[in-house]
Amino acid sequence: MRHREEAICLRTTDYSETSQIVHFLTRGCGVVRLIAKGAKRPRSTSGGALDLLSEGDLVFTESRSGSLGVLIEFSESTSRSTLRKDAARLGAALYAIELVAEMLAEADPLPKAFDLLHNALLRMGQADAPVQAVLAYFQWRLLRHVGLLGELRRCASCGGEVNRERDTYFSSASGGLLCDRCQAGATEKVPVERSVLAGMVALAAAESGRRASLPDALAKGVNRLLAYHASYQIGKPLKMSRHAIQPMRRKNRRNNGGS
Ligand SMILES: [Zn+2]
C-alpha cells in the first residue's frame, strides 16, 4: 500500500553503492524504515542523498512483514539552513532526532510526537531561539508523551514528600525524584540541584499553557537530567548527547569518586 506523509529524516545508513536505508518519523504512520534505491545517485527521484533533519513530503510503500518499505519520492519542504550553520543548534537538533529514533517503536503512529519534533526543529532554526530551553521542552514533552517522565511531585519510591528546599536525587530506575529516606538506599541515582527542580517547575508551567521562562543555565541542567533519564531507559548512551548536553555523573554505591 502506498502512503503520502509529512516526514522528518531521522537516520540514514548506506546500504549499497547507490542505496540508503532511511528512517523517517512520519506524522500518520510513526517511524518507518525504508530503502531508498538510487538515493546516492545524483539524479534520483528523491533528489540525491538524503540528509538528516530533512523534512518534507514522503511517498512510500509500507514494508511487508520483516522487509523494508520502499521510498518512492521525497520532496523537502522545510529549509534547515540556519540550523545546519550553527554547531550548538545542529547538535541539539541531531540529539532530538536520535532521541526520537531510539525511543519510538516502528510503525506506531504518534502524530503528537511528530508535532513535537516538527515544532522543536522549527524553533531551533529561528535566529532568536533559546536552543537549550527549546531542547528541554522537547525532551520533557516527548518523555511525557511516551509515559516516561516519571514522578516529579512526590517521592517515586514511597510517595512521601520531597524536600524541594534543598538538593535532592532523581532515580531513573525508580521513575522520579526520591525523598531523603529512599535516596539513601537507592543504588542508581543522580543529584538534582535546586535550580534544576526550578527549571522543571517552569517546564510544567509552560506545558499547562502558563507563561514561564527557562534561563539557559537552568535549561542546561534540566537537559542533562532528562538526557540521563532517557539514556537509562533506552539502555544505552545517546551518541549525539555530547554535542548538545554535558553529561551527568551517576552516583551509586560503587562510585569511589574517581573518574
Ligand atoms: Zn521516599
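Residues numbered from 1 in each chain as written. Predicted model: local features only at pLDDT ≥ 70, side-chain atom pairs only at ≥ 80, totals over all residues.

Its location among the elements puts arginine 84 in helix α1 (residues 81-85). Look at arginine 84 and you get partly exposed, because 15 C-beta atoms sit within 10 Å. In sequence terms arginine 84 and leucine 94 are 10 residues apart; their C-alpha atoms lie 9.9 Å from each other. (Helix = DSSP H or I, 4+ residues; strand = E, 2+ residues; numbered from the N terminus. Buried ≥ 20, exposed ≤ 12 C-beta atoms within 10 Å, placed from the backbone.)

Strand order in the closed barrel formed by five strands is β1-β2-β3-β5-β4, and the pairing between neighbours is mixed. Direction aside, neighbouring strands of the sheet carry axes that sit 50° apart on average. Pairing geometry for strand β3 (residues 30-36) and strand β5 (residues 69-78), over two bridges, is parallel. By the bridge assignment for β5, leucine 34 is matched with glycine 69. Where helix α2 (residues 87-103) meets the sheet, it contacts β1 (2-14) and β2 (20-26), and its direction lies at approximately 105° from that of β1. Where helix α3 (residues 111-124) meets the sheet, it contacts β1 and β2, and its direction lies at approximately 100° from that of β2. (Pairing = 2+ DSSP bridges. Axes fitted to C-alpha atoms, helices over the stretch in contact; angles between N-to-C directions. Contact = placed C-beta atoms within 7 Å.)

At leucine 53, a residue that is not glycine, the phi angle is positive and equals roughly 80°. Its place among the elements puts leucine 53 in the loop between β3 and β4 (55-61). For alanine 107, which is not glycine, the phi dihedral falls at a positive 55°. With respect to the element layout, alanine 107 can be found in the loop between α2 and α3. Residue classification places alanine 107 among the partly exposed residues on the basis of 14 C-beta atoms within 10 Å.

This part is about the sheet that holds strand β6 (residues 168-171). The strands making up a sheet are joined through hydrogen bonds of the backbone, oriented either antiparallel or parallel. Spatially, β7-β6-β8 is the arrangement adopted by the three strands of the open sheet, whose pairing is antiparallel. Of all the strands in the sheet, the pair left with one neighbour each is β7 (176-178) and β8 (190-192). Neighbour to neighbour, the strand axes of the sheet diverge by 45° on average, direction disregarded. Bridge count between β6 and β7: three bridges; the pairing is antiparallel. Residue pairing across strands places serine 171 opposite glycine 176, the latter belonging to β7.

Our focus in this paragraph is the confidence of the model for the protein chain. The predicted model of the protein chain has a mean per-residue pLDDT of 89, with 91% of residues at 70 or higher. Within the protein chain, α3 carries the highest mean pLDDT (97), whereas helix α8 (residues 241-244) carries the lowest (86). Across residues 255-259 the pLDDT falls below 50, and counting only partners more than four positions away or on other chains, this stretch makes zero contacts in the model. (pLDDT = per-residue confidence, 0-100.)

Judged by nonpolar contacts, the single largest core of 76 residues is most densely connected at Phe24, Leu25, Ala96, Leu117 and Ala136. When residues of this core are assigned to their parent elements, the largest contribution, nine residues, is made by helix α4 (residues 131-145). Viewed by domain, this core spans two of them, domain 1 (2-80) and domain 2 (130-244), each represented by three or more residues. Look past the residues within four positions of alanine 136 in its chain and what remains in contact with it is Gly199, Leu203, Leu214, Ala219, Val222, Asn223 and Leu226. (Core = buried A, V, L, I, M, F, W, Y, C linked by C-beta atoms within 7 Å. Domains from an automatic or database assignment.)

Taken domain by domain, the protein chain comprises domain 1 (2-80) and domain 2 (130-244). Computed from C-alpha coordinates alone, the two centres of domain 1 and domain 2 are separated by 34 Å.

Turning to the pairing of β6, a few remarks are in order. Here β6 shows no split at all, with Thr168 and Phe170 on one side and Tyr169 and Ser171 on the other all buried. In the sheet, β6 pairs with β8 via three bridges, with the strands oriented antiparallel. When the bridges of β8 are listed, threonine 168 appears paired with valine 192.

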